[in-house]
2 protein chains.
Amino acid sequence: MTQHRQNILVTVDTAIFTLQDSQLQVLLVQRATEPFKGAWALPGGVVQEEPDGSLEQTAFRKLAEKTGVASPYLEQVMTFGGPERDPRGYSVSVLYMALLRSTELVLQGDDRVSDIAWVRVDGERVDRPLAFDHAKLLEAACQRLRSKAQYSSLIAHLLPDEFTLSELREAYSSILGVSLNAAGFRRRVLQAGLVEEVKGAFRHHGRRPAQLYRLHPESNQVYFETNLMWRVGEG
Amino acid sequence: MTQHRQNILVTVDTAIFTLQDSQLQVLLVQRATEPFKGAWALPGGVVQEEPDGSLEQTAFRKLAEKTGVASPYLEQVMTFGGPERDPRGYSVSVLYMALLRSTELVLQGDDRVSDIAWVRVDGERVDRPLAFDHAKLLEAACQRLRSKAQYSSLIAHLLPDEFTLSELREAYSSILGVSLNAAGFRRRVLQAGLVEEVKGAFRHHGRRPAQLYRLHPESNQVYFETNLMWRVGEG
DNA sequence: TGAATAGTGTCTGTTAGACATTATGCA
DNA sequence: TGCATAATGTCTAACAGACACTATTCA
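Parameters at a glance
Residues numbered from 1 in each chain as written. Chains lettered and ligands numbered in written order. Predicted model: local features only at pLDDT ≥ 70, side-chain atom pairs only at ≥ 80, totals over all residues. Heavy atoms only, no water. Domains from an automatic or database assignment. Contact = heavy atoms within 4.5 Å. Buried area = accessible area lost by both parts, 1.4 Å probe. Salt bridge = Lys/Arg side-chain N within 4 Å of Asp/Glu carboxyl O. Polar contact = N/O pair within 3.5 Å; in protein donor to acceptor, adjacent residues only side chain to side chain. Nonpolar A, V, L, I, M, F, W, Y, C, P; charged D, E, K, R; others polar. Helix = DSSP H or I, 4+ residues; strand = E, 2+ residues; numbered from the N terminus. Expected span 1.5 Å × (residues − 1). Phe/Tyr/Trp six-rings, centres within 6.5 Å; stacked < 30°, edge-to-face > 60°. Lys NZ or Arg CZ within 6 Å of the ring centre and 35° of its normal. Buried < 20%, exposed > 50% of the residue type's maximum accessible area, 1.4 Å probe, protein only. Core = buried A, V, L, I, M, F, W, Y, C linked by side-chain atoms within 4.5 Å.

Thoughts on the domain arrangement of chain A
Residue and element names in this part refer to chain A. For chain A, the domain assignment lists domain 1 (9-149) and domain 2 (154-234). Summarising the inter-unit geometry, the C-alpha centres of domain 1 and domain 2 are found 27 Å apart. Counting from both sides, the interface comprises 17 residues of domain 1 and, opposite them, 17 residues of domain 2. With both chains or domains summed, domain 1 and domain 2 bury close to 1500 Å², and 63% of this area falls on carbon and sulfur atoms. Looking only at domain 1, the three residues that lose the most surface to domain 2 are Y73, R101 and A149, adding up to 38% of its buried area. Here domain 1 and domain 2 share one salt bridge between them. The interface formed by domain 1 and domain 2 contains four residue pairs in polar contact (both at pLDDT 80 or more). A breakdown of the residues in the side of domain 1 that touches domain 2 according to their chemical character gives nine nonpolar, five polar and three charged.

Considerations on helix 1 (residues 55-67) of chain A
Helical geometry note: an α-helix holds 3.6 residues per turn, so side chains three or four residues apart project in the same direction. For helix 1 of chain A, with 13 residues, the first-to-last C-alpha span of 18 Å sits near the 18 Å given by 1.5 Å per residue. Within two residues after helix 1 of chain A, G68(A) carries a phi angle of roughly 75 degrees, on the positive side.

Comments concerning the packing of aromatic side chains
By the definition in use, this model includes five aromatic pairs over all chains. Their ring planes at 55 degrees and their centres at 4.8 Å tell us that F36(B) and F132(B) sit as a pair that is tilted. Taken together, the positions of F36(B) in the loop between strand 2 (23-31) and strand 3 (40-41) and F132(B) in the loop between strand 7 (113-120) and helix 2 (134-149) put the pair 96 residues apart, joining distant regions of the chain. One Lys or Arg, R128(A), reaches over the ring of W40(A) and ends 4.8 Å from the middle of that ring.

So, helix 2 of chain B
Residue and element names in this part refer to chain B. Given a rise of 1.5 Å per residue, 16 residues ought to cover 22 Å, and the 22 Å separating the end C-alpha atoms of helix 2 matches this to within 8%. By the burial criterion, the buried members of helix 2 are H134, L137, L138, A140, A141, C142, R144, L145, K148 and A149. Where helix 2 is buried, its residues meet strand 1 (9-20), strand 2, strand 3, strand 5 (73-86), strand 6 (89-99) and helix 3 (165-176).

Remarks on the nonpolar core
With 47 residues, the main nonpolar core has F17(A), V26(A) and L168(A) as its most contacted residues. Where this core is concerned, the elements lending two or more residues are strand 1 (9-20), strand 2 (23-31), strand 5 (73-86), strand 6 (89-99), helix 2 (134-149), helix 3 (165-176), helix 4 (182-191) and strand 9 (210-215) of chain A. With seven residues, the top contributor of residues to this core is helix 2 of chain A. Counting contributing residues, this core receives three or more from each of domain 1 (9-149) and domain 2 (154-234) of chain A. F80(B), L154(B), I155(B) and A156(B) belong to the second-largest nonpolar core, a separate cluster that totals 46 residues.

Here it is in structure tokens:
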């Protein structure tokens, strides 16, 4: 068996999500270079052995370049590889998902990008074709987001630091595509210890002011007890 | 910006699990070549652009080479990358997890392997040090296995095609590390539609013969309703 | 006929979901 | 003072967990 010299292009791509008016948005860039020049794509780039350490560091670097955000919620989703994905040859893309708080964000392109925009996600799609197999990547990221939303505090990372329970419920409702009972939601979220009250802080845009909450600082991800298939027995 | 020529080694490694006497086992190989010659490692190998299509096909090929099993349960777990993992330079490993039915398996090495063995998994560890960062990879695979076991039919893929509910419960119990109520387990598994009865087939090694079941053929993975954070409302 | 395991019936505490009710501030 | 939204209370059906009980085979 000969030691075959590999020629594989390794990239990190990130589906960067945020919420605007309770609508899920993903950050897309328009490619300025071949291949797929002019097409929209998930932001990403080639892994560079020199500046980058782990793959996660690569993702963080790309994220900071595009959004200026230093430490959002970041999670590896899945890796795609094959000979047909990129006309330049066999390629491997490590897909990450990032959740940004829905505050104002300054977007910044670079010389390999001719435009950059937030695009509304409808189901698991956007309104335009994507370069490479990025439609498939976006689908995978959406599925991960939805499935984790069902049993964890993930969605709170899409909201501002402080939020009302109604805002949180709206966000879950929009992303899961179901209407949620307000009283039940409140009870479950509070009982799970997902959030903590911000003492004396209220949101005033409704009639009665609403208590503001924030995620519990020590745990950035809370899972609900009721997921567990079986409770742990004593014996 | 200069188009830097990447020099990254891409491999696929697989944590192949099975059950023996209700104990979780993982398949390890002893390396016959440098680096880490003589050390034990998860089976895996370099992605070859020529014979392989997708990464999953690479994993299936390696699996068939080692175990002769054509189509076990296979799932991508996570990808590890960095400059420190492999002394040869920056490397990327795509980790898969495979579940094999606990029937007799003929193991076969190749010229890059000096030995191959099933090794008992205790918690998320084995009784010997592993090459590269494979201890971390094994840990990740074990965590995925345990977390999915809590709310899905995954564990059934570790059993023979036909099994009793007691055997299934034993397997879950061993892997989750908890004792499970027999009556409750039976009710949940049957109600979830996880298995179907094999009419007229019984296991006779106890006193009263036990009904044999098999996984529902159309769905190789069943999730329990009770995972869902909230039931879907009508409105 | 007793031992051992398979499988069923029943009770109970918890909790999610539905909905009614109260609280609060603003127009 | 009426209204809209926030927040709480109450009722009920579903169900997990515990455990008692029955069923079935073999030694």
